[in-house]
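For reference, the chains in residue letters:
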Amino acid sequence: MTIIPVSGQAFAPYDVVVGRGLLASAGERIAPLTRGRTVIISDRTVADLHGPALARSLEAAGVQTQIVAVPPGEGSKSFAELERVLDRLLEAGLDRKDVVVALGGGVVGDLAGLAAALYMRGIDFVQVPTTLLAQVDSSVGGKTAIDTPRGKNLVGAFHQPRLVLADIDVLATLPAQQVRSGWAEVLKHGLICDAPFFDWLAGPGAAGAKGDPAALEWAVIRSVEIKSAVVGEDEKEAGRRALLNLGHTFGHAIETALGFEEAALAHGEAVALGCALALRYSVREGLCPAADAERAEAVIAAAGLPTRLSQAGTFGADQLLALMAGDKKAEGGALTLILARGIGQAFVAKGVDAASVRSFLIEEGAKA
Ligand code: GLY
């Protein structure tokens with residue numbers, strides 16, 4: 001078991017605990033944070049798989065527990081589900097000294113975290129992430145949000161958890177596509193700032209993409225270390241935190257063009273493709289050696305993740321560009337992209353020329 005502290009100037013420090021069998025001992029860790037009552041927010045699939053074990057552990061530690069399950073899928077990041085969850089918290093009679101527990105993937109963490117941020121003007125919450133993507137990314141750092149018809153994550157709050165429990169054992173029940181999807185965010189961390197970690201992911205660590213628990217454990221630990229250092233420095237994404245969006249501006253545009261609900265491409269698959277595109281665009285602009293982009297592409301592809309637009313679908317260059325410019329990371333109409341000078345050397349590029357991105361997208365197979 002490894003404990004990674006997360007601390008920053010503007011929020012209370014908390015621990016991310018990574019290890020095996022953590023669900024069974026979760027009650028002992030969560031009980032001291034409560035006054036003896038909690039509501040677990042989960043989705044119906046995860047609630048069936050892991051809800052009883054977590055509830056048993058909490059009850060054994062003397063914590064009265066209820067489970068509120070939302071439908072699985074991105075559709076639950078809605079005003080309607082947020083209202084329903086808040087109503088259930090009111091019905092349960094939680095007060096400001098109680099805690100909410102988010103048991104699930106990114107959707108549940110984002111929704112439960114936002115509900116906790118709003119409930120009684122903010123109560124504590126604990127993240128128990130059950131997907132690889134949530135363990136290495138969304139459960140750490142306090143971003144919470146719901147979607148609106150105008151886009152993803154447009155209504156939310158920064159609300160840091162009190163504790164994160166990342167149990168590697170729960171990853172064993174994940175479908176292969178979800179492991180690969182989380183793996184994309186792991187690769188992203190190496191590409192951003194840790195070339196030796198990327199070397200490990202390209203070598204012995206590659207077993208993690210196929211579900212090897214020992215490789216997964218180290219991949220989660222190192223990813224959380226990287227993310228916690230970035231978040232500690234820049235909680236509100238005024239600067240360095242934007243690096244964590246490597247692959248996301250291209251990726252979000254591709255996801256939006258495909259339609260999230262069709263789930264044609266998992267979020268991590270879009271991020272993987274986005275990372276490959278960001279590195280190749282960096283090469284095109286003379287910023288990055290071609291060999292680094294080729295190696296990144298080979299490692300991403302070896303994990304079973306897409307690296308080419310044609311693997312995701314058919315896109316118009318103008319359609320993708322408009323979606324990229326509409327991304328909430330765009331400032332004053334200028335395109336902001338995370339680019340790289342090499343593996344492990346990402347940087348924030350502001351004022352990127354939209355015409356050159358359009359030409360690049362056409363070279364990559366988008367329709368003119
Ligand atoms: N997923 C990017 C961030 O948390 O900032």
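Every value quoted in this text rests on a predicted model; they were computed, and no experiment measured them.

Moving on: the pattern of salt bridges. A side chain of one charge can pair with a side chain of the opposite charge when the charged atoms of the two come close. The final tally for this structure, using the stated rule, is 25 salt bridges. Notably, a salt bridge pairs Arg240 with Glu233, separated by 3.5 Å at the nearest N-O pair. For Glu233, a relative accessible area of 60% gives the class exposed. Between Arg284 and Glu285 there is a salt bridge whose closest N-O contact spans 3.5 Å. Residue class for Arg284 comes out partly exposed when judged on its relative accessible area of 33%. Through salt bridges that share partners, Glu74, Lys77, Asp110, Asp147, Lys152 and Glu255 make up one connected network.

On to the domain arrangement of the protein chain. In terms of domains, the protein chain is made up of domain 1 (2-173) and domain 2 (176-363). Domain 1 and domain 2 are separated by 26 Å when their C-alpha centres are compared. Listed per partner, the contact involves 33 residues of domain 1 and 33 residues of domain 2. Roughly 2,600 Å² is buried in total at the junction of domain 1 and domain 2, and carbon and sulfur atoms are behind 67% of that figure. Broken down residue by residue, the surface that domain 1 buries against domain 2 is led by Leu132, Val136 and Lys152, which jointly contribute 23%. On inspection of domain 1 and its partner domain 2, the count reaches three salt bridges. Run the count over domain 1 and domain 2 and you get five residue pairs in polar contact (both at pLDDT 80 or more). Split into classes, the residues belonging to the side of domain 1 that touches domain 2 amount to 16 nonpolar, twelve polar and five charged.

Reading guide: rules and limits
Residues numbered from 1 in each chain as written. Predicted model: local features only at pLDDT ≥ 70, side-chain atom pairs only at ≥ 80, totals over all residues. Heavy atoms only, no water. Salt bridge = Lys/Arg side-chain N within 4 Å of Asp/Glu carboxyl O. Buried < 20%, exposed > 50% of the residue type's maximum accessible area, 1.4 Å probe, protein only. Domains from an automatic or database assignment. Contact = heavy atoms within 4.5 Å. Buried area = accessible area lost by both parts, 1.4 Å probe. Polar contact = N/O pair within 3.5 Å; in protein donor to acceptor, adjacent residues only side chain to side chain. Nonpolar A, V, L, I, M, F, W, Y, C, P; charged D, E, K, R; others polar.

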